[in-house]
Structure formats: C-alpha cells, structure tokens
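Structural characterization, general
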Amino acid sequence: MESAGFPWLTALIVLPLVGAAVLWLLPAPAARAYARQIAVGFSLVELAGAVVVALSFDTGAAATHQFSEVHSWIPAIGVSYAVGVDGVGLLLVLLSVVLTPLVLLAAWREHGGGGPVESDRLRNYLALILVLETFMVAVFAARDVFFFYVLFEAMLIPVYFLIGSFGGLQRRYAAVKFLIFSLAGGLVMLVAVIALYLNGPGGTDGFLIDKLVGIHLPVTTERLMFGAFFFAFAIKAPMWPVHTWLPDAAENAPAGTSTLLVGVLDKVGTFGMLTLCLPLFPNASRWAAPAIIVLAIISILYGALLAIGQKDLMRLIAYTSVSHFGFIVLGIFAFTSVSVQGASFYMFNHGLSTGALFLVAGFLIARRGSAQIADFGGLQKVVPVLAGTFLVAGLSALSLPGLSTFVSEFLVLVGTFSRSGPAAVVAVTGVVLAALYVLLTYQRIFTGPVNGELTRMPDLSAREKWVVGPLIALLLVLGFYPAPALDLVRAPASTTIKQVGIADITPGPANAAAARTDEGSTK
C-alpha cells in the first residue's frame, strides 16, 4: 500500500545524487581539499538513513512491500514512480549502502593530486560512485516494471565511465564489452516489457508489478517474455555462457568499481529472476526450470575450474563469482522455500565476501604494482594483517562454517536436494573446487620464501583496516547469528513459491519423494 509517512526510499534515492551534484559544483581548490570528506559524508548519512528504515521495517510482514510510494510519472503509457521494499529488497539496499562508503574510503589516496586535472579526475570518480549508489538503491526498490527497466539500463552509464576512465590498460575494451553485453540484454528485455504492458490490464498505472502479477498469458507468449527477461538477467548475473564480459571488466576496473559491480550490481540479475521472472511468468518459470538448473550447475563448475587456473588475481575473483552466482540461480529455480531463502541470503553474503576479496586484492595490487599472482610470495611474514584479512575473505568464498556464506550455501544445497538430489550432489563439487582455488591462491601469494622486492611492503593502515574490518565483522556475526537476515527473507521465499504455483517441501527423504511425485503430476 502507499505510504503516508516520510518518503524514506525517495530520500535514500535522491541523497547520493545531491552528493554527486555538490562534488561536481565544487571549485577546484575545494575539490582538492574536501571532495573525499564530502563523498564519504554523504554515503554515511545514506547508511544512517537505511539503518532507520531497517529498524522501522516490520519483519513480521517481510513478504509485503513497505515504505511504499506510488506517483503517476508518464500516465499516457502507464508508467509510475513506484517504490517499496520487502525483506529481500531491504537486504540488498542495505548491502548497497554498506559497501559504498567502504569503497570511497578504500580509494582515499587514489585518483587525486595537486593539479586541476587531478582534482577533476578525483571529483568525477567520487561523484560517479554516488550516482551509482542512487541507481543501486532505486533498482532494488522499484515496483513498476518500466521504472525498473529504466534503472536497469541507466546504471550502465556510471559503470561504463568508472571502467573506461579509471581502469587499467585494456579499460576501454572492457568498458565497451560490458556495455555491449548489457545493452543487448536490455534491448531484448525492452521488447518483453512492452509486450507485458500490452497483455496486461493497461491504464495509467499499467506497469505496476502488483497489477501484472497473476494476469493470464498465452503459453507461447509467456514463455517468450520469460526468455527475454531471463536473458537480460542472466547477462547481468552473470551466468555461463553470457558471462565473458565479467573477467575483462574485473581485471581492468578499479578495485572499488569491481566491488560494486560484482558485489551489488550483478545481484540485479538474480534479484530480477526472483522478483520479476517468477511472479510474472510462473508457468514459464516451471517449464524452464530444468534447463536453468543445468545452466546453473555448469556455471558453478565452469567458474570454479577457470578460477583455479587464473594467473591474474582480479580475473580469479571474477570467475569465483560466476561459480557463486550459479549457486544463487540454482537456489531460486529449485523452487523450495528453503532454497529460495538460501539464494536470497546468498546474494547479500556474496556481496560481503566478494567485496572484501576485491578490496584486499586492490590493496595488494596497489602495493606491488601488479595483479599477477606469480609476482607475489611469502607475504604472510611481511604483512600478517593483510594476509589474515585475505584468508578470512577467501574462507568466506569457500563457505567455511562459522561464516555467513556457509549458512546461505547450506540452505541452497539442502533445499535443492529436496527437489532434485542429483543436481545438489553435482553442485557440491563446486564447494570442493572452491577450497582449491582459495587455498592454492593463498599459498602462492602468502606462503613460501619472500620475494626480495616485497620485504618492505607496508601492512594495512588504520584506514584500510576500517575498510575491510566491517565486512569481516558482518561475515562473522551473521555466520553465528543469521536470524536477522533470515527473518527478512523467510516470508518472501514462501510467497514466491506460492506465486510459482508449485508445492513447497520441507527438507527430508520422505518429503523429497513426495515433492518429486507432485512435480511430475504438474508437468
């Protein structure tokens, strides 16, 4: 329902834009002196506002969209400005506002200098990060399909410039490749967005998701529209075989950009599968689920195997994410409330884990001047704190018990096993491969004899500890006490299963057998 109180979500969407405008309007001397403080200040105020929203959120009604606002935007074509968050949306908004100030703080000494050119470069970088934060918060709160599509495409702009202007040697190639892949998916999705409106109830608010859920669609039409949405989301996620833009982007983007790109933006793909594909196209979702589960398993294994063989640290982390997104998609399309809970929590945990890995890797690369794993060695003796944070972040990537990633991956596997035992068993292989790519990488970088050139490498500074410390703390706290996050995703998961129209099951041999019988009868 429409909120009559303070428009909290709109405030959270507008505030980073105001921060970006302030940065761009700063005179050059002020930009050199205060740009970083202003950017971090706005991001911290944003974080405080999101905490207020989280504390005011009714977890007992986590399946409903709260703090809702609906305003007519383009009534001639049925477009509304509509926002609201359920438990899953709130969790991803929190992920966005947690990572943004850490990324800004991590780049405190980057992109700046004494001259006017460098001050312009600095303000542009910080402002683009804040613009990106606006789009991240807005897309997870959007409740109008067309508004969601606009945000889905608009967020490409700041990412393109963040990669193309501030990245490595192949930054322009990586930025263009990212843009082409994303635009291709978006254009296919646009056709389906228009078709969805034409097949819906229409009117001045005809794109509202709540009005489109449950409409009857011809079988072929529904399958084609589902395919268009899923294709766009699979590119964004990214899934095999439309993932190839990601390693190039991660290798050439600044560490902070990779953190937001993989830690948050790629969640738009899996978030869209969960909150648009399933409720809007339930019959087509059931029809396509077996093929998508196969693709998810291929992503798990393919991403893990390629990560093991990588020589570039950033590309390695990118391929681990291809594997992890396979787990998320597997949990979504296993169609049990347990697996969907796990997938929803996995999206948040992956952002924390991968964000920590990218940021720590960025600190390593800045010190060494190289991302090649072979250029490191023996650093555990030189930088023990940096080594320890990398190890914890790496262990979270392999879902070690005691870290929050273990909880979400366990829920995905248990929930999937209830629906499809063979799929879950094969997916477990990805856990074993994760141990290989994490531990082998740690061994190559931090153990053995010290490379003579690295003996004077400085350990993490106080500022850098404040960057990675909160992520490590969240991984540990939610590993031992995941209830606050699980309370947000439990009810939305049950609602999603009901919308898909398939019988839910509780993990257990008897229930799994009954579910498979029921599934066969519904086909």
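Worth saying up front: this structure is predicted, and the values here are computed from it rather than measured.

Looking at helix H20 (residues 483-500)
The end-to-end C-alpha distance of H20 is 26 Å, a good match for the 26 Å that 18 residues give at a rise of 1.5 Å each. Maximal helix bending in H20 amounts to about 25 degrees, located at Val489; proline Pro492 follows within four positions. Buried within H20 are the following residues: Ala485, Leu486, Leu488, Val489, Pro492, Ala493, Thr496, Ile497 and Val500. Structurally, H20 contributes buried residues whose contacts are with helix H3 (87-106), helix H12 (267-280), helix H13 (282-308), helix H15 (337-368) and helix H17 (404-419). Of the residues trailing H20, Gly501 is marked for its positive phi of about 80 degrees.

Details of helix H19 (residues 462-480)
In this model, H19 (19 residues) spans 26 Å end to end at C-alpha, consistent with the 27 Å of a helix rising 1.5 Å per residue. Remark: the principal bend of H19, roughly 30 degrees, maps to Val468, with a proline, Pro470, within the next four residues. All buried positions along H19 are accounted for by Arg463, Glu464, Val467, Val468, Leu471, Ile472, Leu475, Leu478 and Gly479. In the core, the buried residues of H19 are packed alongside H3, H15, helix H16 (384-397) and H17.

A short note on the nonpolar core
Generally speaking, nonpolar side chains in soluble globular proteins are found buried as a group. Core analysis: the largest hydrophobic core is formed by 195 residues, its most contacted members being Phe148, Phe229, Phe333 and Leu379. No other element matches H15, which puts 17 residues into this core. Once residues lying within four places of it in the same chain are set aside, the contact partners of Leu379 are Leu364, Pro384, Ile445, Phe446, Leu454 and Met457.

Quick look at the packing of aromatic side chains
Tallied over the full model, the rule gives 23 aromatic pairs. Where Phe333 meets Phe335, the ring centres are 5.8 Å apart and the plane angle is 55 degrees; that geometry is what we call tilted. Across the pair, exposure class does not vary: Phe333 and Phe335 are buried alike. Three or more aromatic residues joined by ring pairs form one cluster here, namely Phe148, Phe152, Phe229, Phe233 and Phe281. It is Lys236 that lies over the ring of Phe152; its NZ or CZ is 4.6 Å from the centre.

Side note on the packing of helix H5 (residues 145-154) against helix H6 (residues 156-166)
Two numbers describe how H5 lies on H6: the axes approach to 5 Å, and their chain directions differ by 5 degrees. In terms of orientation, H5 lies roughly parallel with respect to H6. The residues of H6 that touch H5, namely those facing Phe152, Glu153 and Ala154, are Leu156, Ile157 and Pro158. Class assignment for the residues of the contact of H5 with H6 results in 5 nonpolar, no polar and 1 charged.

A short note on the pattern of salt bridges
Two side chains that carry opposite charge are able to pair once their charged atoms sit near each other. Counted according to the given criterion, the structure contains 7 salt bridges. With a shortest N-O distance of 3.0 Å, Arg315 and Asp248 are connected by a salt bridge. Of this pair, Arg315 sits in helix H14 (residues 313-333) while Asp248 is found in helix H10 (residues 245-252), placing the two residues 67 residues apart along the sequence. Measuring nitrogen to oxygen at the nearest pair gives 2.6 Å for the salt bridge that ties Arg367 to Glu464. Linking Arg367 in helix H15 with Glu464 in helix H19, this pair joins segments that are 97 residues apart in sequence.

Section: unusual backbone geometry
Most peptide bonds adopt trans geometry, and most residues besides glycine take a negative phi value. The step from Ala237 to Pro238 runs through a cis peptide bond, and the omega angle for that step is -5 degrees. Mapped onto the elements, Pro238 comes out in the loop between helix H9 (219-236) and H10. Here the residue pair Trp240 and Pro241 is connected by a cis peptide bond, since its omega of 10 degrees sits within 30 degrees of zero. Counting through the fold element by element, Pro241 comes out in the loop between H9 and H10. Backbone geometry at Phe335 places phi at a positive 60 degrees, although glycine is not the residue there. Relative to the assigned elements, Phe335 resides in the loop between H14 and H15. What makes Phe335 buried here is its relative accessible area of 3%. Unusually for a residue other than glycine, Ser399 sits at a positive phi of about 60 degrees. In this structure, Ser399 sits in the loop between H16 and H17.

Here's the deal with the pairing of strand S1 (residues 66-74)
Alignment of S1 against strand S2 (residues 79-85), held across 6 bridges, turns out to be antiparallel. Looking across to S2, one finds that Val70 is bridged to Ala82. The turn linking S1 back onto S2 is made up of 4 residues, and Gly78 within it adopts a positive phi angle of 80 degrees.

Topic: the side chain of Ser396
Looking at the secondary structure, you find Ser396 in helix H16. According to the relative accessible area criterion, Ser396 is buried, its value standing at 1%. In this structure the side chain of Ser396 is engaged in a polar contact, spanning 2.7 Å, whose partner is the side chain of Ser353. Filtering out sequence-adjacent residues up to four positions away, Ser396 remains in contact with Ser353, Leu403, Thr405 and Leu475.

What counts, and at which threshold
Residues numbered from 1 in each chain as written. Predicted model: local features only at pLDDT ≥ 70, side-chain atom pairs only at ≥ 80, totals over all residues. Heavy atoms only, no water. Helix = DSSP H or I, 4+ residues; strand = E, 2+ residues; numbered from the N terminus. Expected span 1.5 Å × (residues − 1). Bend = angle between axes of the 7 residues up to and from the residue. Buried < 20%, exposed > 50% of the residue type's maximum accessible area, 1.4 Å probe, protein only. Contact = heavy atoms within 4.5 Å. Core = buried A, V, L, I, M, F, W, Y, C linked by side-chain atoms within 4.5 Å. Phe/Tyr/Trp six-rings, centres within 6.5 Å; stacked < 30°, edge-to-face > 60°. Lys NZ or Arg CZ within 6 Å of the ring centre and 35° of its normal. Axes fitted to C-alpha atoms, helices over the stretch in contact; angles between N-to-C directions. Parallel < 35°, antiparallel > 145°, perpendicular 65-115°, else oblique. Nonpolar A, V, L, I, M, F, W, Y, C, P; charged D, E, K, R; others polar. Salt bridge = Lys/Arg side-chain N within 4 Å of Asp/Glu carboxyl O. Pairing = 2+ DSSP bridges. Polar contact = N/O pair within 3.5 Å; in protein donor to acceptor, adjacent residues only side chain to side chain.

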